[in-house]
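# A closer look at the structure
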Amino acid sequence: MKHFHSLLAVVSAACTLVSATPVQTSSFSTSNPFKDHSFFISPRYREEALQASVTFAKQGKWDFANRATYIATKVGSFVWVADNAAVPSVTDWLKEASLIEKVTGKKQVVEIQVYNLPDRDCSAKSSGGELSYADGGEAKYQAYIQAIVAQIKKFPDIRVVIGLEPDSIGNLVTNLSVPKCGNNAEAQKRSLGYAIAALQLPNVAIYVDGAHAGWVGWPGNIDIAADIISEIVTKAKAINPKSKIRGVATNVSNYNGLGNQPQEGYDDLVYVRNLQPLLAAKGINAHFIVDQGRSGNQNYTRDGGDWCNNKRAGFGILPTTKTPDPLIDAIVWAKNG
């Protein structure tokens, strides 16, 4: 219900415990996984958007109703696996994508946010998740990842993009002084490395989360972010020497611009261009995806406190592979509305 009301507001505003070593490898370290594919439409968000359309229609707000219907039926976005209960849904999504391909002939790319790291969002209070390292979280997380891998393996012909653990890198960069973050930092790096190693499937491309420009894009933070991403990839290679990532996901659930925000620190195009050479220097040829699901309104002054359900937000650039820089594989909607 919270997401439903959020959607209404935004539409209105817008009008190691390794038991077996993985041996697979991804096919997308050197090619854009979005190329020649349609963005799969999230069934969950489709339902919410259609509900919003009905509500707007009952209120006589036909323009908003039509926009919500368009979003529900035409705009692809990420689906989230935020707990173990959501894992079986992966099969449902991939099955639907397979059916769409058979009926329409349009290849689908299914975008999945893997979001169940133990003690996730360790600096916040609202979304700490179901797993904790104090309660066997490392082994439980590995089982969670392997369950996702098993679901994906059922559909080897469906292309999958993984956004890996939003906020994880940001917290590792800036919040180690918070005991819950600092005490679990090494375990989180191991878990992220394990996830990368385990998800090396031929039809899967992995983008680790890179927070956003306003969080880690500043001098003094961005170098640390590159170091941590490199360290995590190294840990993955220790488990599976063929481990690779396609790159980095930025601005997930945030509001930054993409080449259209003059305020320093709030444009992810600048951030991407600054982070890429730092990663390249460490042997990681990173490409990027940038969330613009909430970035439609760039005509206001940002501050550090407007990160949660920003009332000024609006739907941003629609998902596309037509991006302002070849470093960016796609503009995506990772968290809409």
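As shown above, the structure is provided for reference.
As a starting point, this report considers the structure included with it. (Residues numbered from 1 in each chain as written. Predicted model: local features only at pLDDT ≥ 70, side-chain atom pairs only at ≥ 80, totals over all residues. Heavy atoms only, no water.)

### Considerations on unusual backbone geometry
The phi torsion at aspartate 119 lies on the positive side, around 55°, for a residue other than glycine. For aspartate 167, which is not glycine, the phi dihedral falls at a positive 80°. Inspection of the secondary structure assignment puts aspartate 167 in the loop between strand S4 (159-164) and helix H6 (168-174). Relative accessible area serves as the criterion here: at 23%, aspartate 167 is assigned to the partly exposed category. (Helix = DSSP H or I, 4+ residues; strand = E, 2+ residues; numbered from the N terminus. Buried < 20%, exposed > 50% of the residue type's maximum accessible area, 1.4 Å probe, protein only.)

### A short note on the packing of aromatic side chains
Counted according to the given criterion, the structure contains six aromatic pairs. Its end group placed over the ring of tyrosine 115, arginine 120 keeps NZ or CZ at 4.0 Å from the ring centre. Its end group placed over the ring of tryptophan 80, lysine 335 keeps NZ or CZ at 5.4 Å from the ring centre. (Phe/Tyr/Trp six-rings, centres within 6.5 Å; stacked < 30°, edge-to-face > 60°. Lys NZ or Arg CZ within 6 Å of the ring centre and 35° of its normal.)

### Quick look at empty space enclosed by the protein
The volume enclosed by the largest cavity comes to roughly 30 Å³. Along its surface, the largest cavity is lined by Leu117, Arg120, Asp121, Glu165, Pro166, Asp167, Ser168, Asn171 and Gln188. Taken together, the residues that form the lining of the largest cavity break down as two nonpolar, three polar and four charged. (1 Å grid on protein atoms, 1.4 Å probe; cavity = no way out; pocket = protein on both sides within 12 Å on 5 of 7 lines; lining within 4 Å. Points joined across faces, edges and corners; volume = space filled by probe spheres on them. Nonpolar A, V, L, I, M, F, W, Y, C, P; charged D, E, K, R; others polar.)

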